[in-house]
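These are the residues of each chain, in order.
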Amino acid sequence: MNLLFLTHQTVIYQFDAKDNNIDNWISEHQNYQFSSCGGIPYFYSSDQNINQLYLNLEPHSHIQVDAEIIIFENGFNTFYLDLQQENYQIEKQSQYSFTCGVSIIQLVYSISISLLHNRRSLSMRIQYSNFGLIKLSLSTKCEYHCAECFNKYQGQCLSWKLHQQSFNQQAIPANSDGWSYSLIYQQFWDCGECQFLEFNLITYSVILPSHQDILIRFFRIRNSLYLDYTYDYTIINSGYGQVDILIKNHPDFLFQLEIRPHIFGSIGFIRDFEIFYSQQAIIIIHNVILNCLDQVGDQCINCQEGWIQDDSLQNCHPICGDGIIQGQEQCDDANQLSNDGCFQCRFSCPFFCQQCEFGKCLRFQSNQEVIDNRCYELNNIIGLEPSLHELQNSISNLLVYGCYGQVEYQLLLEYQLTHEWPKPIYTLNQPLQIHDIYRYYFKRKTIENCLFSQFDQCLECQMFYKPSQNKNKCIPKCDDGIIIENEICDDLNNIQFDGCYKCQLSCQLECNQCIQQQCYSCIDGWQLIDQKCYQICGDGLLAISSLEQCDDGNYQPNDGCYNCNFECNSYCFQCDSSNNCLLCVENFDLTEKNQCKPICGDGIIIQELEECEDLNDIQFDGCHQCFFQCNQNCSKCVQGMCQQCTEGYDLIINECQKALIDESGENDEFNVIKVEKCGDAYQSTFEQCDDGNQDNGDGCSSKCMLEENWSCNQDQPNYCFLQTKYSLEYENQTFQHQFVLLKFSNEVKQVSNLNFTQSIQPVIINLNQSQYQISINPVVGVDSAYFTMALFEFDIVIFEQMSLEPNFSISFNSSLVDNNNMLVGLPSQQLLLKTPKVINQKQITIANKCQDIGNVLIIGLGAISILLLLFRQPFQCLEIFDLLQFQSYLKFVNISYPQNLQIYFQSSEIVTVSPILIYFKITDLLNNLITENFIPSIGKFQEFQTNADLLLNIQSQIFQIFFIGLLYVFLQFYPKITLNYAFTFRTVYFIREKQLQWLNQLIIKLYQIHTNILKLKKIYSSKGFIQLFYANCWDLFFKVFLFMISNTETGYRSKTSYGICFLVLGVTIIILLLNFKGMNENLKVSNLRFQQFESITLLKKLLFILILTVQQSSGIIQCVMLTLLSLGYIGLLLLIKQNIERIELIGIIWTEVPVMFFTLTSLIYCSDFSTIMKYNEQILIGFVQILILIFGLLGPVIKLGISLYKDIKLFYEQKKQKKKLKIHKMMLFI
């Protein structure tokens, strides 16, 4: 077998029939033959199939099979890869007419098969007739820059390590490390005679290095399996293929697994078992200024709203006087007045107050008293003569507190009468307003563009203005889209270098000369095209502040610069202009001299660079720093094995141990040699530790060497414990926000009293600080007094769209100790983030407008449906509600929609009756009957935090049942009461006697209402109940299937919910069977049409919800199946279109086609296709989809318009006919 395992070569196997070498191909009876036809050599077997097994493949993401085959007359062939049939693509076809045997026509094909594949083994089988194999090559490639070439689990992309492989050879071994099983296997010739382990129960346990997550992979066939592992379990459905199980946040170093068939009595089959673990990424960081909006270095350029910089620009302080309490402020009353309860954002006492608390007066001066929070006059203080200043304070006190005594009022009047009238309190050289308080005039200044002011400060400005920082004037609002006064532009944002910044014109960052928002020259290396600056690779100019590392003016490789990136030395993945390596390839590490050397201790031997690998860096154990080394006290060794010891030591079991002669005299015949050995609880000079045993996995190994990630104290025997480490874990991404968790493996506390959160320095090392913002949320903080399991969350916001993956890094300016009083190592770590998904403000505005249009249409359609219900058109009413529910479920398709679609889908949240139930407090009543319970849902439903509990979700249906029951009781008594007391002969006689026309009309209307009420009894028939079921089927199907796929609980509540589920599905099946049975009977055309249409619609709703909920694991399958469902639904209706009115058929197609277009085009958002289009292109497609969905909502409106037009036309035609008939009668009379 020609396996070509070269590091940079993708072809791993080649076969050519002209070599006459079977090359490990096998068949069922081992009948092979080489032949030729027309000079074309080929290989075949009379068994009509050949197969082969490829083992120990390098990590890869794709495989490709290229082959040349010859097909004779009536021949065929089929390729099976990993026991699954695969279709191939014909690259080239040639036809020949040589006589070979009985055939004279031969076709020679060049075929290719490419598919996703990441197993380390591959089986290939070719089944054929009249076929020959000419050439075949097998290639692997990796399209993902991740450890082990993972194409998912991107949060741990560069940190995965393979720990162990089992059952990965052709034959199953008798035993395997960590496994407990009986050697029973089945051998299959169609996979290269590979063996599968056959079992009823197998167990596995392993001790893992320090890790975060675990990934299990294996290949299984046939029956379903049940996997029980620490803290959780998984059920694998029956079938063929690879299984991936991700176990997140596994806390223990010991991992245990139990696998057995899911169905009792069946047998399981597996092979190619692999277990991976994720390591912490290696990481660097900056000081973050709290409440800073734009930070450059250690200075804050702009603080958040409500905060202001200090003189050094290194801190943000809350604005005192803005009416918002922030930071260290005790209060903020939106002014800077003293003695009003709050002064300089600290509590103060008001005027006339002797004792106060939190700015509220508890006791006033002797002439005032507080009773029930009101100011009352005391009768024993009459006669005080206030000064003018006191009168001014009294007026202020009256305006602010509403507390003004009768005494002050009388004194003010006397003061006015004895002095000049009127007299202002003060005047200023600015616009004034005159006010009259108790006929006492005073003037105050006015503020331009201010609506409400007080004490020379504006509290509220006019539209498009806002108060200044000290509130003494109104200034234009920037970023509101309105250009006024000194504003030159306003682009609804405060982003630099986008053409408009702080309402003044600006150009892009790379522009050197900007005039009126037009760029006329660019910085070095950038070319000016249409007043924009562009970087062009290959122009020989190095663009400053770009992604170009170099530019040699050509596209030639191996000249030091290729594609504007430096070309590096061997084993280097990324380097700088001086050929200093920055990042090495896998299994290599960077030295201090910026060179790449193999990672010693990773268990992988790099040929010609390493001699050995023992997974540690312990001296004198035979292998040190990946080169053979003699053991301690050994004078001669070969490849790490000691041959001769130094003087005073003897070679005992391949180790040099000190020999002590027992001279106690107890043994007269011979001397006894005592040997110091590991595990005797005494740490000797050549031991790193000794814990009194020879167990591995407890910190001190069986050779008394420290194990990785462990520390031991100096007690005898030594006590060992795991080292405390921290890790970064990627949590999730929500558009431009990405969240990262910082965790510690043990409880920690801070050494100093400094704020640990402020000592964390996060940064994105491959972005400028103006391109991102990082917020730190201490979920569980670090304290200096006690130990905590610290947990921090980083909220990372990227401001612009880019193609690279941001490299997040943190470092610390503080020290921690763990609960073993050991210093915690805090090295810098790095973590690759996902590519940002950023939508600009203009696109957000357009999406919000589309959402508003959707809201208007949904509310309008809701109002129309209510009117139709009042005008006794229930079917058209339900048709509108069906459409609204139909589109509202599209947001649950498990794909990653762009942000504009997510904004639009918010309009569908109003399609619910929950607000009505809450308003009438029906929900509170039902909650008292049904206790609260939350069942977490799966897939996309989990993103919307949808509760899967069935009993809580069907509250509206429970209320309907309760209301129908009350209505039934009402209808039992209502006819008796009305016929005995209201609509009697006596009543009719009385009305006729009165001879009042209005009274006659009123009684007629009341009687019509009475008859309509009696018609409600039709609800309690089989047809009535079926119509109620049709009206609720969307909601019921959704809630039933959501519960069935999400529920993991047991008990009476769960059993009751399952009973309701089976009841709903049983009723659905009965209705469908009754309708299809009725189609075979002699029914009226109208009834037949109704049954056909309702049956097809009900079945379509059932399948739609079934696909939406059950297929949450694959967005591609959801989109394809939903598209085919809509297409099939339209096709079935077209088959029976003779039984459907034309206008109804048009309305259905109008609503179905937009949804079909939406689900089909949504394939571009699936993970397999999302890389084809950029995020901005996905945004544009999203807007097209929004317009199509809005177009679909117009269907009922158009349908009603056509119906209204026909009714009006019919009305005028009838009126015209009556007029002609009247004229005709007059002519006859004449």
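Keep in mind that what you see is a predicted model, and the values were worked out from it rather than measured.

**Digging into the overall build of the protein**
Per the secondary structure count, the protein includes 20 helices and 66 strands. Counting every position in the protein, which comprises 1230 residues, the buried fraction comes to 41%. Of the roughly 69,200 Å² of accessible surface on the protein, a fraction of 54% belongs to carbon and sulfur atoms.

**Some remarks on the UniProt feature "transmembrane region" (unreviewed entry) in the protein**
As recorded in UniProt, the feature "transmembrane region" (unreviewed entry) lies at residues 853-871, 950-971, 1025-1045, 1057-1076, 1115-1136, 1148-1167 and 1179-1202. Secondary structure over residues 1025-1045 splits into 100% helix and 0% strand, and the C-alpha atoms at its two ends are 28 Å apart.

**Here's the deal with the sheet that holds strand β66 (residues 829-832)**
Taken together, three strands build an open sheet; the order of strands is β61-β64-β66 and the sheet is antiparallel. Each edge of the sheet is formed by a strand with only one pairing partner; in this case those strands are β61 (760-764) and β66. The average undirected angle you get between the axes of adjacent strands in this sheet is 20°. Sheet analysis places strand β64 (residues 807-812) next to β66, joined by four bridges and oriented antiparallel. Residue pairing across strands places S809 opposite Q830, the latter belonging to β66.

**With respect to the packing of aromatic side chains**
Applying the stated criterion across every chain, the model contains 43 aromatic pairs. Taking the centre distance of 5.6 Å and the plane angle of 45° together, the rings of Y889 and W1034 count as tilted. On the criterion of sequence distance, the pair formed by Y889 in the loop between α5 (874-888) and α6 (899-905) and W1034 in helix α14 (residues 1022-1046) is long-range, its members being 145 residues apart. Taking the relative accessible area as the measure of exposure, Y889 reaches 5% and is therefore buried. Among the aromatic residues, ring-to-ring pairing joins F886, Y889, F892, F941, W1034, F1038 and F1104 into one connected group. For K1100, the ring lying beneath its charged end belongs to Y1129, and the centroid distance is 5.1 Å.

**As for the sheet that holds strand β62 (residues 772-780)**
With respect to topology, four strands assemble into an open sheet ordered β58-β59-β63-β62, the strand pairing being antiparallel. The open sheet has two edge strands with one neighbour each: β58 (726-734) and β62. Strand after strand, the sheet turns through a mean of 20° between neighbouring axes, direction not considered. When β58 meets strand β59 (residues 737-744), the two strands line up antiparallel, connected through eight bridges. Across the sheet, residue S727 finds its bridge partner in β59, namely K743.

**Topic: the pairing of strand β20 (residues 268-278)**
For β20, the buried fraction is high: eleven of the eleven residues fall into the buried class. When strand β10 (residues 160-166) meets β20, the two strands line up antiparallel, connected through six bridges. Residue pairing in the sheet places W160 in a bridge with S278 of β20. Here three bridges tie strand β13 (residues 194-199) to β20, and the two strands are oriented antiparallel to one another.

**Brief notes about the pairing of β13**
With six of six residues buried, β13 lies mostly within the body of the structure. Every second residue of β13 is oriented toward a common face, with C194, F196 and E198 on one face and Q195, L197 and F199 on the other, all of them buried. Across four bridges, the pairing between strand β12 (residues 185-188) and β13 is antiparallel. For F188, the partnering residue across the bridge sits in β13 and is C194.

**With respect to the pattern of salt bridges**
Evaluated as defined, the whole model comprises twelve salt bridges. In this structure, the salt-bridge partner of R119 is D272, at a minimum N-O distance of 2.0 Å. Of this pair, R119 sits in the loop between β8 (106-116) and β9 (122-141) while D272 sits in strand β20, and the two are 153 residues apart along the sequence. The pair R119 / D272 is uniform in exposure class, with both members buried. A salt bridge links K1100 to E1152; its shortest N-O distance comes to 2.8 Å. Separated by 52 residues along the polypeptide, K1100 in helix α16 (residues 1085-1110) and E1152 in helix α18 (residues 1142-1161) bring together distant segments of the chain. For the pair K1100 and E1152, one class covers both residues: buried. Several salt bridges converge on common partners, so that one network encompasses D82, R119, R271 and D272.

**Digging into the state of the cysteines**
According to the stated counting rule, one finds 20 disulfides in the structure shown. Each sulfur in the disulfide pair C320 and C345 lies 2.2 Å from the other. On the sign convention where negative means left-handed, the S-S torsion of about 120° between C320 and C345 marks this disulfide as right-handed. Within this pair, whereas C320 is found in the loop between β24 (316-318) and β25 (342-343), its partner C345 is found in the loop between β25 and β26 (346-347), the two being separated by 25 residues in sequence. Two residues share a disulfide in this structure: C478 and C503, whose sulfurs sit 2.1 Å from each other. Between C478 and C503 the disulfide shows an S-S torsion of about 120°. By sign, it is right-handed. Note that C478 is positioned in the loop between β36 (474-476) and β37 (500-501) and C503 in the loop between β37 and β38 (504-505), a separation of 25 residues in sequence. Just so you know, C1119 is unpaired, no disulfide at all, and the nearest cysteine sulfur is the one on C1166, 4.5 Å from it. Its relative accessible area of 1% is what places C1119 among the buried residues.

**A few points about unusual backbone geometry**
Despite not being glycine, N449 has its phi angle at roughly 65°, a positive value. Within the secondary structure layout, N449 lies in the loop between β32 (440-445) and β33 (450-454). A relative accessible area of 17% places N449 in the buried class. In this structure, D479 takes a positive phi of about 80° despite not being glycine. Within the fold, D479 resides in the loop between β36 and β37. Overall, D479 belongs to the partly exposed group, its relative accessible area being 29%.

**Considerations on the side chain of S123**
Positionally, S123 belongs in strand β9. Taking relative accessible area as the criterion, S123 reaches 6% and is therefore assigned buried. S123 has contacts with Q52, L53, Y80, L81, D82, L83 and C191, leaving out every residue within four places of it along the chain.

**A word on the nonpolar core**
The nonpolar side chains of a soluble globular protein tend to be buried, and buried together. Within the largest apolar cluster, 62 residues are counted, with the highest numbers of intra-cluster contacts made by F1037 and F1104. No other element matches the eleven residues that α14 contributes to this core. With near-sequence residues (within four places) excluded, F1037 lies in contact with F1029, V1064, T1068, L1098, K1101, L1102 and I1105.

**Thoughts on the packing of helix α11 (residues 955-982) against α14**
Relative to each other, α11 and α14 sit at 150°, their axes nearing to 11 Å. By the angle between their axes, α11 is roughly antiparallel relative to α14. Between α11 and α14, the contacting residues are S956, Q957, Q960 and I964 on the first element and L1028, N1032, D1035, L1036 and K1039 on the second. Taken together, the residues that form the contact of α11 with α14 break down as three nonpolar, four polar and two charged.

**Concerning the environment of Y730**
Along the chain, Y730 falls in strand β58. For Y730, the side chain forms a polar contact with the side chain of Q738, separated by 2.6 Å.

**Focus: the environment of C642**
Tracing the sequence through the fold places C642 in strand β52 (residues 641-645). Along the chain, C642 and G622 lie 20 residues apart, while their C-alpha atoms are 8.2 Å from each other.

**A look at the side chain of S278**
One can find S278 in strand β20. Judged by relative accessible area, S278 falls into the buried class, the value being 1%. Within the structure, the side chain of S278 is placed 2.9 Å from the backbone nitrogen of D213, a separation counted as a polar contact.

**Some details on the environment of Y128**
Note that Y128 resides in strand β9. The exposure class of Y128 is buried, given its relative accessible area of 3%. Not counting the four nearest positions on each side in its chain, Y128 is found in contact with Y44, S45, Q48, N49, I50, F76 and N77. At 2.7 Å, the side chain of Y128 and the backbone nitrogen of S45 are in polar contact.

**Things to note about the packing of α11 against helix α13 (residues 997-1014)**
With their axes 11 Å apart at the nearest point, α11 and α13 run at an angle of 150° to one another. With respect to their mutual orientation, α11 and α13 come out roughly antiparallel. The two elements α11 and α13 meet at a crossing, and its hand is left-handed. Seen from α11, the contacting residues are F970, L971, Y974, P975, T978 and L979; seen from α13, they are H1010, I1013 and L1014.

What counts and what doesn't
Residues numbered from 1 in each chain as written. Predicted model: local features only at pLDDT ≥ 70, side-chain atom pairs only at ≥ 80, totals over all residues. Heavy atoms only, no water. Helix = DSSP H or I, 4+ residues; strand = E, 2+ residues; numbered from the N terminus. Buried < 20%, exposed > 50% of the residue type's maximum accessible area, 1.4 Å probe, protein only. Areas by Shrake-Rupley, 256 points an atom, 1.4 Å probe, with all protein chains shown as cover. UniProt positions renumbered as here; feature names shortened; annotations may be inferred. Pairing = 2+ DSSP bridges. Axes fitted to C-alpha atoms, helices over the stretch in contact; angles between N-to-C directions. Phe/Tyr/Trp six-rings, centres within 6.5 Å; stacked < 30°, edge-to-face > 60°. Lys NZ or Arg CZ within 6 Å of the ring centre and 35° of its normal. Salt bridge = Lys/Arg side-chain N within 4 Å of Asp/Glu carboxyl O. Disulfide = S-S within 2.5 Å. Contact = heavy atoms within 4.5 Å. Core = buried A, V, L, I, M, F, W, Y, C linked by side-chain atoms within 4.5 Å. Parallel < 35°, antiparallel > 145°, perpendicular 65-115°, else oblique. Nonpolar A, V, L, I, M, F, W, Y, C, P; charged D, E, K, R; others polar. Polar contact = N/O pair within 3.5 Å; in protein donor to acceptor, adjacent residues only side chain to side chain. Left-handed = near helix turned anticlockwise from the far one by under 90°.

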